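Coordinates in review
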Amino acid sequence: MKILMLHGINHNMFGKRDPVQYGTVTLAEIDARLQALGSELDAEIESFQTNSEAAMCERIHRGFADGVDAVLINAGAWTHYSYGIRDALAILTVPVVELHMSNIHAREPFRHHSVFADIVRGQICGFGIDSYLLALRAAVSAALP
């Protein structure tokens, strides 16, 4: 099983950025934890991070062409306004799980809305790094025949 993990804008700054909301875990540590759990679940995890909305859309398109089995996405701030990424995700015919380290519903009002909500299988938020691991478990389960 091939799972595509999409990390959005500013996620390359995890570990340095707002430790109250995101902790001190780095993107490399998140990816390592996903790889370890992926091995246990017999899933190959490919991670991609960009600060470019266009590059994110292109990677989603390539995921469609490559035939990935599921997609995890933490789009960061793009979650709340990127209809371009939303439309790219809508092309996918596989389970998509939206995730966030912080509880977006307990933060600033603009973060309460996800433009992806109506096209993703589900959303997991508020559990720090465990949001990624829970999302991976959910995606693997949803992608099984």
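A brief look at the structure comes next. (Residues numbered from 1 in each chain as written. Predicted model: local features only at pLDDT ≥ 70, side-chain atom pairs only at ≥ 80, totals over all residues. Heavy atoms only, no water.)

**Side note on the sheet that holds strand β1 (residues 2-7)**
Across a sheet, strands are paired by hydrogen bonds formed along the backbone, either parallel or antiparallel in direction. The strand order β2-β1-β3-β4-β5 describes an open sheet built from five strands, whose pairing is parallel. This sheet does not close on itself; its edge strands, each paired only once, are β2 (44-49) and β5 (122-125). Here the average twist between neighbouring strands, direction ignored, is 20°. Across four bridges, the pairing between strand β4 (residues 96-100) and β5 is parallel. By the bridge assignment, Leu 99 is partnered in β5 with Ile 124. Docked against the sheet, helix α3 (residues 53-66) engages β1 and β2, running at close to 175° with respect to β1. (Pairing = 2+ DSSP bridges. Helix = DSSP H or I, 4+ residues; strand = E, 2+ residues; numbered from the N terminus. Axes fitted to C-alpha atoms, helices over the stretch in contact; angles between N-to-C directions. Contact = heavy atoms within 4.5 Å.)

**Quick look at the pattern of salt bridges**
Applying the stated criterion across every chain, the model contains six salt bridges. As a salt-bridge pair, Asp 66 and Arg 62 come within 4.0 Å of each other at their nearest N and O atoms. Separated by four residues within a single helix, Asp 66 and Arg 62 lie in helix α3, roughly one turn from each other. Residue classification places Asp 66 among the partly exposed positions, given a relative accessible area of 38%. With relative accessibility at 43%, the residue Arg 62 sits in the partly exposed group. Of the charged contacts, one joins Asp 118 and Arg 86 as a salt bridge, the two residues approaching to 3.1 Å between their closest N and O atoms. Of this pair, Asp 118 sits in the loop between β4 and β5 while Arg 86 sits in helix α4 (residues 83-91), placing them 32 residues apart in sequence. (Salt bridge = Lys/Arg side-chain N within 4 Å of Asp/Glu carboxyl O. Buried < 20%, exposed > 50% of the residue type's maximum accessible area, 1.4 Å probe, protein only.)

**A look at α4**
At 3.6 residues per turn, the α-helix brings residues three or four places apart onto the same side. Among the residues making up α4, those that are buried are Ile 85, Arg 86, Ala 88 and Leu 89. Buried positions in α4, seen along its axis, are confined to an arc of 165° and lie on one side of it. Residues of α4 that are buried in the fold lie against α3, β3 (70-74) and β4. (Arc of directions from axis to C-beta.)

**Focus on unusual backbone geometry**
You will see that Asn 10, though not glycine, has its phi angle at about 75°, which is positive. Phi at Asp 42 takes a positive value of approximately 60°, unusual for a residue other than glycine. Within the fold, Asp 42 resides in the loop between α2 (27-40) and β2. For Asp 42, a relative accessible area of 65% gives the class exposed.

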